[in-house]
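Next come the chains, spelled out residue by residue.
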Amino acid sequence: MTSEVEVRRSKRRRRTVSAYRQGDRIVVLIPANLTRAEESQWVSTMVARIERSERRNRLSDDDLLARAEDLNARYFGQLASPASVRWVDNQRSRWGSCTPGDRTIRLSSRLRTMPRWVVDYVLVHELAHLLEPAHDANFWAWVDKYPKAERAKGYLEGWSAAAQVESPPGSDID
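Residues numbered from 1 in each chain as written. Predicted model: local features only at pLDDT ≥ 70, side-chain atom pairs only at ≥ 80, totals over all residues. Heavy atoms only, no water.

Describing the overall build of the chain
We apply this condition: Secondary structure is summarised from DSSP: a helix means a run of H or I of at least four residues, a strand means a run of E of at least two, and numbering begins at the N terminus for each. Each residue gets one of three labels from its accessible area relative to the maximum for its type: buried under 20%, exposed over 50%, partly exposed in between, using a 1.4 Å probe on protein chains only.
Helix and strand counts for the chain come out as 5 helices and 6 strands. Its helices and strands in sequence order give the chain the pattern β-β-β-α-α-β-β-β-α-α-α, from N to C terminus. Expressed along its principal axes, the backbone C-alpha trace of the chain runs to roughly 60 × 30 × 25 Å. Evaluated residue by residue, the chain yields a buried proportion of 44% over its 174 residues.

Okay, here's the thing in structure tokens:
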């Protein structure tokens, strides 16, 4: 996987080097006093670290379905069984979507690099749509059974703000 890399030098940063994914690029933060050779070495190291972590955390479509089934058992008492759950690349303004008629759930591939508890939140949100199509009080009562719901909503809102992507109105999921 080849990612665009942005290097940010900081005069305040003395010794530490860090990196994180921001959208489609990897941002590497380094001290301003590093030589170009040291910069090159650190960038290679940090990009490899991020990409290795992402490969380790990558869920397949089958993994997503198994995860959804586990969350269904835990928070919905087996009432929200999806027929399929899969990653899609065409959702740029939603985190996920659900078609209750055929019980299919699709998650934006942008979620692949996010923490597992955030992906779980989006799955819970979409599973709730299998029971309650609208974002009404009954729907949110189901979603709020997930203990990290508020934290995940905040994470997604923060990610959207940092990436300068407008959050969808209302739910910020679909």
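Structural notes on the nonpolar core
Applied cut-off: For this analysis, a nonpolar core means a set of buried residues of the types Ala, Val, Leu, Ile, Met, Phe, Trp, Tyr and Cys, connected via side-chain atoms within 4.5 Å.
In this structure, L107, L111 and Y121 are the most contacted members of the largest nonpolar core, which totals 34 residues. Of all the elements in the fold, those that place two or more residues in this core are α2 (61–76), β4 (84–88), β6 (104–108), α3 (116–131), α4 (137–143) and α5 (149–162). It is α3 that contributes the most residues to this core, 10 residues altogether. Core analysis: the next-biggest nonpolar cluster, separate from the first, contains 10 residues, V17, I30, M46 and V47 among them.

Here we look at the pairing of strand β5 (residues 96–99)
Which entries qualify depends on this criterion: When DSSP finds at least two bridges between two strands, those strands are taken to pair.
One ladder, built from 4 bridges, connects β5 with β6; its direction is antiparallel. By the bridge assignment, S97 is partnered in β6 with R106. The turn joining β5 and β6, which pair antiparallel and follow one another in sequence, is formed by 4 residues; a positive phi near 60 degrees is taken by R103.

Some words on the sheet that holds strand β2 (residues 18–22)
Operational definition: Axes here refer to lines fitted to C-alpha atoms; in helices the fit is confined to the stretch in contact. Angles between the N-to-C directions go from 0 to 180 degrees.
Here we have 3 strands laid out as an open sheet, ordered β1-β3-β2, and mixed in their pairing. Here the strands that pair on one side only, and so sit at the sheet edges, are β1 (4–10) and β2. Neighbour to neighbour, the strand axes of the sheet diverge by 25 degrees on average, direction disregarded.

As for the sheet that holds β6
The strands making up a sheet associate through hydrogen bonds between their backbones, and the pairing can be parallel or antiparallel. Rules: Residues are treated as being in contact if the distance between any of their heavy atoms lies within 4.5 Å.
Strand order in this open sheet of 3 strands is β4-β6-β5, and the pairing throughout is mixed. At either end of the open sheet lies a strand with only one pairing partner, and these are β4 and β5. Ignoring which end each strand starts from, the neighbouring axes of this sheet average 20 degrees apart. Helix-sheet contacts for α2 involve β4 and β6, and the interaxial angle to β4 is about 130 degrees. Across the sheet, α3 is in contact with β4, β5 and β6; its angle to β6 comes to roughly 150 degrees.

Overview of the pattern of salt bridges
For clarity, the cut-off: The salt bridge criterion pairs a side-chain nitrogen of Lys or Arg with a carboxyl oxygen of Asp or Glu, the two atoms within 4 Å.
Following the criterion strictly, the structure yields 9 salt bridges and no others. Among the salt bridges present, the one from E4 reaches R25, with a minimum N-O distance of 3.6 Å. With E4 in strand β1 and R25 in strand β3 (residues 25–31), this residue pair connects regions lying 21 residues apart in the sequence. Linked through salt bridges whose partners overlap, the residues forming this network are E4, E6, R8 and R25.

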